[in-house]
Amino acid sequence: MLSWEQKRQLQLWDLAHVWHPFTQMAQYAQTEPLIIARAEGCWLEDVDGRRYLDGVASIWCNLFGHRRAEIDQAIREQLDQVAHSTLLGISHVPAIRLARKLVELAAPLARFGEPLTRVFFSDDGATAVEVAIKMAFQYWQQRPEDQGGPRPRKTKFVSFGGAYHGDTLGDVSVGGVELFHRVFQPLLFETYRAPQPYCYRCPLGLRRESCVLDCALACERILDQHQEEIAAVVIEPLVQGAAGMIVAPEGFLRHVREATRRYDVLLIADEVAVGLGRTGKMFACEHEEVAPDFLCLAKGLTGGYLPLAVTMTTERIYRAFLGTVAQRRTFFHGHTYSGNPLGAAAALATLALFEKERILERLPERIQQLAQWCERFRQLSHVGDVRQKGLLAGIELVRDKLTREPYPYDWQMGQAVCRQARERGVLLRPLGNVLVIFPPLVISAAELDFLCDTLFNAIREVTERN
Ligand SMILES: *Cc1c(COP(=O)(O)O)cnc(C)c1O
């Protein structure tokens with residue numbers, strides 16, 4: 001444990017030098033910084049030795065807990081071989097093995113379309129989607145003659161209101177979170193925006209009981225009208241994460257997929273948050289029998305250990321990039337640490353754990369437990385909507401349950417609730433008025449009860465106080 005002076009020094013240096021992401025630093029500077037020093041299983045521990053349940057899996061990426069012996073070991077063994085070597089023009093052992101493993105893992109999706117046989121490595125979710133966007137764009141510029149030849153006018157993208165695909169300018173261009181993205185508007189390329197599949201606050205003013213998936217139809221209409229210039233649709237399958245854990249109505253993804261097929265448009269599935277078991281299946285696309293043209297994975301790929309991401313695609317896409325050097329069909333994109341060997345080793349160990357521990361078979365019990373808690377959250381007088389898919393949930397607080405009037409953003413109600421929960425040993429991070437439950441997949445029954453019970457009481461305390 002650190003001495004009081006050491007801890008104080010760290011806090012001062014943190015406030016003096018560390019610019020935290022997605023954080024209003026003026027506000028942060030008025031609080032005592034929480035400094036994590038170590039972790040074990042689903043628990044984080046701060047410099048004072050206080051423990052917190054990691055209720056959002058260190059921002060949606062930890063799958064099997066901290067300090068998993070198998071992943072620790074895999075990284076150490078890789079460290080004894082080589083920590084980093086490039087994939088530009090040469091290869092390395094763990095990247096090859098991981099690519100092979102991922103192709104096997106995605107093979108079941110081929111029942112619904114073309115197999116995903118090609119793996120492009122990068123570092124994080126933002127780059128995985130950025131890569132898919134650039135590949136889709138370039139594909140149409142140089143589509144081979146045997147596939148119908150180039151269609152250079154197909155340069156535009158379709159995305160959904162509320163979408164979040166990462167923070168690079170390409171990803172922000174296809175993003176739809178007003179709060180994050182508006183300021184960058186002048187820097188962005190133009191994108192067609194389809195309505196957000198957000199049933200609780202339907203942008204079309206409809207009700208799920210009586211609508212005919214009009215939001216999906218609206219997307220289809222955009223494709224119908226602009227197919228000549230649309231390269232791809234970018235989607236977060238089943239759940240829009242950063243928008244507030246917005247669970248799309250059943251059939252939405254499949255409908256969008258069918259529309260892209262009909263209008264010769266590619267589909268980019270951003271499974272950065274929902275991939276790798278989170279929804280109860282390995283990939284969210286499986287729920288609706290969808291095989292995308294691009295599958296983006298990151299966050300949980302290394303079990304929450306190291307930054308590593310992949311963009312997987314089909315032979316058809318890949319072949320468009322083949323040619324002589326003079327033809328300049330090369331995909332001129334890469335990152336220094338693309339496919340880093342330590343990350344690849346961690347990912348291999350992570351995927352092995354899915355099999356060894358039969359994670360997907362064990363998940364339904366925990367998902368059911370979360371569902372029961374969701375029923376209880378629904379009863380609270382300031383909870384307007386509760387959305388669950390697999391082992392994730394979003395609990396939307398409202399000022400008025402009847403009118404669905406939201407709490408004003410400035411009230412920071414989500415944050416206030418999370419502060420309460422933190423006092424009681426549960427670490428959470430809200431999305432505006434939405435409380436997020438996104439624990440490691442291996443959270444125990446007792447830990448999940450503790451998480452939900454703590455959150456339940458925190459919501460009551462903050463929203464029913466006056
Ligand atoms: C987190 C996230 C990203 C961005 O991933 P980073 O690793 O943070 O760059 C992209 N898409 C979705 C759906 C995400 O949830």
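The rules behind the values
- Within every chain, residues take consecutive numbers counted from 1 along the sequence as written.
- Selection of residues for local features in this predicted model requires a pLDDT of at least 70, selection of side-chain atom pairs for listing and counting requires 80 or more, and totals for whole chains, interfaces and linings are taken over all residues.
- The basis for every side-chain value is the complete set of heavy atoms in the structure, and neither hydrogens nor water enter the calculation.
- One heavy atom within 4 Å of a molecule or strand makes the whole residue count as near it.
- Whenever a nitrogen or oxygen atom comes within 3.5 Å of another N or O atom, the pair is scored as a polar contact, on the condition that within protein one atom can donate a hydrogen and the other can accept it, and that pairs from neighbouring residues in sequence are kept only if both atoms are in side chains.
- In this description, accessible areas are obtained by the Shrake-Rupley approach with a 1.4 Å probe, and a residue is regarded as covered only by the protein chains that are shown.
- Classification convention: Asp, Glu, Lys, Arg as charged; Ala, Val, Leu, Ile, Met, Phe, Trp, Tyr, Cys, Pro as nonpolar; all other residues, Gly among them, as polar.
- Throughout the structure description, domain borders are defined by an automatic or database domain assignment.
- The contact definition used throughout considers only heavy atoms, calling two residues in contact when any of these lie within 4.5 Å.
- Throughout, the accessible surface (probe 1.4 Å) given up by two parts as they are put together, summed over both, is called the buried area.
- Salt bridge, as used here, is a side-chain nitrogen of Lys or Arg placed within 4 Å of a carboxyl oxygen of Asp or Glu.
- Under the DSSP-based scheme used, a helix requires at least four consecutive residues in state H or I and a strand at least two consecutive residues in state E, with every element numbered from the N terminus.

Draft legend 1. Highlighting the site of the ligand. Every residue close to the ligand is listed here: Trp 60, Asp 124, Gly 125, Ala 126, Tyr 164, His 165, Gly 166, Glu 236, Asp 270, Val 272, Ala 273 and Lys 299. Within the backbone of Ala 126, an N or O atom sits 2.8 Å from an oxygen atom of the ligand. Contact between the ligand and Lys 299: an oxygen atom at 2.7 Å from a side-chain N or O atom of the residue. When the ligand is considered free in solution it has 380 Å² of accessible area, and contact with the protein chains removes 83% of it. For the shell around the ligand, a count of residues per class yields five nonpolar, three polar and four charged.

Draft legend 2. Representation of the domain arrangement of the protein chain within the structure. Taken as a whole, the protein chain is organised into domain 1 (34-64 + 359-464) and domain 2 (77-356). Computed from C-alpha coordinates alone, the two centres of domain 1 and domain 2 are separated by 27 Å. On the side of domain 2, 29 residues touch domain 1, which itself brings 33 residues to the contact. Both sides together, the interface formed by domain 1 and domain 2 hides about 2,700 Å², and carbon and sulfur atoms give 65% of it. Interface area lost by domain 1 to domain 2 is led by Trp 60, Lys 389 and Arg 404, which between them contribute 23%. Our enumeration of links across domain 1 and domain 2 arrives at one salt bridge. A salt bridge links Glu 396 to Arg 201; the nearest nitrogen and oxygen atoms lie 2.8 Å apart. Run the count over domain 1 and domain 2 and you get eleven residue pairs in polar contact (both at pLDDT 80 or more). Within the residue set of the side of domain 1 that touches domain 2, elements represented by two or more residues are α3 (57-60), α13 (359-379), β13 (383-389), β14 (392-397) and β16 (434-437). Counting residues per element, the side of domain 1 that touches domain 2 draws most heavily on β13, which supplies five residues. For the side of domain 1 that touches domain 2, the class distribution of residues is 22 nonpolar, five polar and six charged.

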